[in-house]
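Read off the chains here:
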Amino acid sequence: QVRLVESGGGLVQAGGSLRLSCVASGRTFDSFIMGWFRQAPGKEREFVAAIRWSGSSTYYADSVKGRFTISRNNAKKTVYLQMNRLEPEDTAKYYCASSATGYYTSAPSYNYWGRGTQVTVSS
């Protein structure tokens with residue numbers, strides 16, 4: 001089992017920045033891609049960004065491209081999401097997830113999830 005713990009959420013004004021962290025532990029040998037998803041009240045879970053543990057490939061939703069940056073520290077088994085120029089529309093609970101498959105934009109492709117961290121952007 002892979003255990004994921006997110007941190008770094010909070011309240012920020014529009015235009016501000018936050019950095020989320022996700023620490024992975026447990027049996028992570030099958031983990032291939034790490035992703036960030038978000039879910040706002042009344043909306044379905046939305047793909048945000050993903051990164052492979054190996055190589056240099058990163059993937060972003062169009063809504064966050066140019067504002068968010070995903071990165072990793074393999075030694076710490078930690079994935080980060082740097083969020084800049086935040087907008088009220090970014091308000092959501094952000095979830096870290098692990099997948100053993102290559103369908104990185106699809107939530108059902110991820111078999112392990114953290115409990116999430118709340119990000120609230122005020123106008």
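Description of the structure in this document. Please read these numbers as outputs of a predicted model, since none were measured by experiment. (Residues numbered from 1 in each chain as written. Predicted model: local features only at pLDDT ≥ 70, side-chain atom pairs only at ≥ 80, totals over all residues. Heavy atoms only, no water.)

## A short note on the side chain of Thr78
Piece 1. Within the element layout of this structure, Thr78 appears in strand β8 (residues 78–83).
Piece 2. Thr78 sits in the buried class, given a relative accessible area of 5%.
Piece 3. There is a polar contact of 2.9 Å between the side chain of Thr78 and the backbone oxygen of Lys76.
Piece 4. If we ignore the near neighbours within four places in the chain, the residues touching Thr78 are Ser21, Cys22, Val23, Trp53, Ser71, Arg72 and Asn73. (Helix = DSSP H or I, 4+ residues; strand = E, 2+ residues; numbered from the N terminus. Buried < 20%, exposed > 50% of the residue type's maximum accessible area, 1.4 Å probe, protein only. Polar contact = N/O pair within 3.5 Å; in protein donor to acceptor, adjacent residues only side chain to side chain. Contact = heavy atoms within 4.5 Å.)

## Examining unusual backbone geometry
Piece 1. One non-glycine residue, Lys77, lies in positive phi territory at about 50°.
Piece 2. Residue Lys77 is classed as partly exposed on the basis of its relative accessible area of 34%.
Piece 3. At Arg85, a residue that is not glycine, the phi angle is positive and equals roughly 50°.
Piece 4. Checked against the element boundaries, Arg85 lands in the loop between β8 and β9 (92–99).

## So, the environment of Gly55
Piece 1. Its location among the elements puts Gly55 in the loop between β5 (46–52) and β6 (58–60).
Piece 2. Residue class for Gly55 comes out partly exposed when judged on its relative accessible area of 45%.
Piece 3. Measuring from C-alpha to C-alpha, the distance between Gly55 and Val121 comes to 33 Å, with 66 residues separating the pair along the chain.

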